[in-house]
Amino acid sequence: MSRNVTTASGTGAAPPGGASPDTRPHTPPALDDAASLTVVPARHHARWAAAVAVTVLVAQFVHGLATNPVWEWGVFRDYVLSETIVQAVWVTLQLTAYATVLGFLLGTVLAFMRLSRSPLLRTVAWAYVWIFRSIPMIVQLVFWFNLSALYEELGVGVPFGPVFWSVDSNSLIGTIGAAIIGLTLHQAAYAAEIVRGGVVAVDHGQSEAAAALGIPRLRQIRRIVLPQAMRAILPTAGNEIIGLLKGTSVVYVMSIGELFYQVQVIYGRNGRVIPLLLVATAWYVVLTSLLSVAQYYVERHYARGADRTPPPTPLQRARRSVRTLRAAADRRDRPVVPPEEPPTRGRPPMSQVMVDVRGVHKSYGPLEVLRGVDLTVRAGEVTVIVGPSGSGKSTLLRTINHLEKVDRGWVSVDGELIGYRRHGGKLHELKEKDVLKQRTHIGFVFQDFNLFPHLTVLENLVEAPVSALRRSREEAERTARRLLDRVGLARPGRQLPAPALRRPAAARGHRPRARPRTEGAAVRRADLGTGPGTGRRGPRRGR
């Protein structure tokens, strides 16, 4: 097969006619003059003026804190660590923790209900978010505090039928319980939108890549989607948690002894309003700072795969130094081991049909992308599908492992129908779990590679064999390292430059059984149709 190579001529040719050298101010100096030049940094006069103004304002504020007698720092010292205040801080932390955990758990369920294909689940989740975001928190708290006025007893039984067990509402839901319920339900409405926004922000190709590997649906969400969604979820979620910490002060209407309520009680007795408010302020600042530090480290954890070189923390710098010293010592003591020879496999007979596409039609609305496409690929062949952009090449490849459902026709791989089962004269679509099992034996390399950025290169190759093929992690890692060695990545790092991503993507597309591997249009033009086997232009007819 011929290879098309495109070359481009340079644009930096010298001017004709022996033109004189450029003498404009931007002309670079001669090499012998460069050493005598002094580098002068740019002056930012406006920036310096703003810094001076801010410094003056901060100094004035600090001076006022130190010299104004109204602050009464002696009273502040007496109360800031008093037993009453510390107990109130503990109540505040309990309310925040319960409402955060329960609110985000419920919010995550609501988020996936809104993303569900069920109209009923979407409507119920939307209505919940709409109602609880519309009602102020203080109104919800007062409502739950007076729940016994609406329902004197709560029971368990048959819906619209007899009650088997009941209990008094006041004895079941106390004051703290009513506060936790109110804060949780209020927080869940906002958490649902935060989680939904994070999930939507994840590239859809990541879900498709997980589905193509045969990873079960729940594990796709837990292992692939949510870890990447956390990068978009965490900043807003951190703000919500900090806002909830301060919002717990609203429960003072229920006479719960949290921080702000206790401060009010104390300054109501002694009249020291300013220093007691300063006590509450100091505790809120401390707790918010601790939450901000925790948020920073959690965000760094979930940013792996996206930020190539995040700035190291002091603890990371110390650990890196220790690892460097240990690695140097190991290299001195480790014997040199020759690389393992990659295993070889015999090729299957050429007469064996691996991929059989018959009469495939696929349309997107009025646009017909595939029209009666037939394609046969035998074992050992390398088939190249060539065509202009938008001609349906990627769509045809995606139908082979049922990432795209065909409108008519069928696809079989190694004699097995993909995505359907035949019953009489009809093809019945398989359930998703059965399609996932079929995909575990079909290699697929995406156009954009769709490697999971939050996982290392090795983990990208290990994930599917462990979760979909139920292999032990040790066996999966041995196989993955052997495949990486075959593509020249014997010791892969966490991050790779964009041109090198094709190698781990190709290794991840390997399957243990003799099934085909399909690749998208990500290969370079000079690579189309190269490799062992027979090159053939196809499909034979259709678009």
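Residues numbered from 1 in each chain as written. Predicted model: local features only at pLDDT ≥ 70, side-chain atom pairs only at ≥ 80, totals over all residues. Heavy atoms only, no water.

Let's shift gears to the overall build of the chain. Each helix and strand in the chain was counted, giving 19 helices and 12 strands. Relative to its 543 residues, the chain shows a buried fraction of 35%. Restricting the contact set of the chain to residue pairs at least 6 apart, pairs at least 24 apart contribute 70%. For the chain, the accessible surface area stands at approximately 33,500 Å², while carbon and sulfur atoms represent 59% of it. (Helix = DSSP H or I, 4+ residues; strand = E, 2+ residues; numbered from the N terminus. Buried < 20%, exposed > 50% of the residue type's maximum accessible area, 1.4 Å probe, protein only. Contact = heavy atoms within 4.5 Å. Areas by Shrake-Rupley, 256 points an atom, 1.4 Å probe, with all protein chains shown as cover.)

Time to look at the nonpolar core. Nonpolar side chains tend toward joint burial in soluble globular proteins. Judged by nonpolar contacts, the single largest core of 26 residues is most densely connected at Leu95, Leu110, Tyr128, Leu183 and Val251. Residue assignment for this core shows that the elements contributing at least two residues are helix 4 (83-114), helix 5 (119-134), helix 6 (137-145) and helix 9 (175-201). At 8 residues, helix 9 tops the list of elements feeding residues into this core. Beyond its immediate stretch of four places on either side in the chain, Leu183 contacts Leu95, Ala99, Met137, Leu141, Leu244, Thr248 and Val251. Ranked by size, the runner-up nonpolar core spans 19 residues in total, among them Val355, Val360, Ala379 and Leu397. (Core = buried A, V, L, I, M, F, W, Y, C linked by side-chain atoms within 4.5 Å.)

Where helix 4 contacts helix 9, the axes come no closer than 6 Å and their chain directions differ by 45 degrees. Put simply, helix 4 runs oblique to helix 9. Where helix 4 crosses over helix 9, the two elements pack in a sense that is right-handed. Counted by class, the contact of helix 4 with helix 9 contains 18 nonpolar, 5 polar and 3 charged residues. (Axes fitted to C-alpha atoms, helices over the stretch in contact; angles between N-to-C directions. Parallel < 35°, antiparallel > 145°, perpendicular 65-115°, else oblique. Left-handed = near helix turned anticlockwise from the far one by under 90°. Nonpolar A, V, L, I, M, F, W, Y, C, P; charged D, E, K, R; others polar.)

Further remarks concern the layout of surface pockets. Taken as a whole, the second largest pocket holds about 910 Å³ of empty space. Contributing elements (two or more residues each) for the lining of the second largest pocket: helix 9, helix 10 (204-212), helix 11 (217-247) and helix 16 (432-439). (1 Å grid on protein atoms, 1.4 Å probe; cavity = no way out; pocket = protein on both sides within 12 Å on 5 of 7 lines; lining within 4 Å. Points joined across faces, edges and corners; volume = space filled by probe spheres on them.)

The sheet built from 4 strands is open, its strands ordered 4-3-6-7 with antiparallel pairing. Each of the sheet's edge strands pairs with one partner strand only, and the pair in question is strand 4 (367-378) and strand 7 (416-417). Here strand 6 (residues 408-413) pairs with strand 7 via 2 bridges, running antiparallel. Residue Val413 lies in a different strand from strand 7, and its bridge partner there is Glu416. (Pairing = 2+ DSSP bridges.)

The grouping of Trp126, Trp130, Ile131, Ile135, Ile138, Val139, Val142, Tyr252 and Val253 at the surface amounts to a nonpolar patch, some 760 Å² of accessible area in total. Looking at the nonpolar patch, the elements that each hand over two or more residues are helix 5 and helix 6. Relative to the elements of secondary structure, Tyr252 occurs in the loop between helix 11 and helix 12 (259-270). (Patch = residues over 30% accessible without salt bridge, like charges linked within 9 Å, V, L, I, M, F, W, Y side chains within 5 Å. Salt bridge = Lys/Arg side-chain N within 4 Å of Asp/Glu carboxyl O.)

Once that is clear, we can look at the packing of aromatic side chains. Summed over the entire model, instances satisfying the criterion amount to 7 aromatic pairs. Between the aromatic rings of Trp73 and Phe76, the centroid separation amounts to 5.4 Å while the plane-to-plane angle is 80 degrees, which identifies the pairing as edge-to-face. Linking Trp73 with Phe76, this pair stays in helix 3 (residues 73-80), spanning 3 residues, or about one helical turn. Members of the aromatic cluster, joined through ring pairs, are Trp71, Trp73 and Phe76. (Phe/Tyr/Trp six-rings, centres within 6.5 Å; stacked < 30°, edge-to-face > 60°.)

Interaxial distance between helix 9 and helix 11 falls to 8 Å at its minimum, and their mutual angle equals 145 degrees. Every pair of crossing elements has a handedness; the one defined by helix 9 and helix 11 is right-handed. Residues Leu183, Gln187, Tyr190, Ile194, Val195, Gly198, Val199 and Ala201 of helix 9 form the contact with helix 11, whose participating residues are Val225, Leu226, Ala229, Ala232, Ile233, Thr236, Ala237, Glu240 and Leu244. In terms of residue class, the contact of helix 9 with helix 11 is built from 13 nonpolar, 3 polar and 1 charged.

Now for the pattern of salt bridges. All chains considered together, the criterion is met by 12 salt bridges. For Arg398, the salt bridge is made with Glu208, and the minimal N-O distance between the two is 2.5 Å. With Arg398 in helix 15 (residues 393-400) and Glu208 in helix 10, this pair connects stretches of sequence that are 190 residues apart. Comparing Arg398 with Glu208 shows no difference in burial state: the two are buried. With a closest N to O distance of 3.1 Å, Asp356 and Arg358 form a salt bridge. Looking at Asp356, the relative accessible area reads 15%, which means it is buried.

This part is about unusual backbone geometry. Its identity is not glycine, yet Glu72 carries a phi of approximately 50 degrees, on the positive side. Tracing the sequence through the fold places Glu72 in the loop between helix 2 (45-67) and helix 3. Here Glu72 falls in the partly exposed class, since its relative accessible area comes to 25%.

The next thing to look at is the pairing of strand 4. Relative to strand 4, strand 3 (residues 353-364) runs antiparallel, the two being bridged by 8 bridges. Paired with Ser363 across the two strands is Glu368, which belongs to strand 4. Hairpin connection of strand 3 to strand 4: 2 residues between the antiparallel strands, including Gly365 at a positive phi of 65 degrees.

This part is about helix 9. Between its first and last C-alpha, helix 9 extends 39 Å over 27 residues, near the 39 Å set by a 1.5 Å rise per residue. Within helix 9, the axis deviates most sharply at Ala188, by approximately 30 degrees. (Expected span 1.5 Å × (residues − 1). Bend = angle between axes of the 7 residues up to and from the residue.)

With 0 of 5 residues buried, strand 1 (residues 153-157) lies mostly on the surface of the structure. Strand direction decides the pairing type here: strand 1 and strand 2 (residues 163-168), joined by 5 bridges, are antiparallel. Each residue of the ladder has a partner; that of Leu154, found in strand 2, is Val167. Between the antiparallel neighbours strand 1 and strand 2 lie 5 residues, among them Phe160 with a positive phi of about 60 degrees.

All right, on to the side chain of Glu463 then. You can see Glu463 is positioned in helix 17 (residues 457-467). Note on Glu463: relative accessible area 3%, which makes it buried. A distance of 2.8 Å separates a polar atom in the side chain of Glu463 from a polar atom in the side chain of Arg219. What Glu463 contacts, discounting residues up to four positions off in sequence, is Ile215, Arg219, Arg223 and Ala468. (Polar contact = N/O pair within 3.5 Å; in protein donor to acceptor, adjacent residues only side chain to side chain.)

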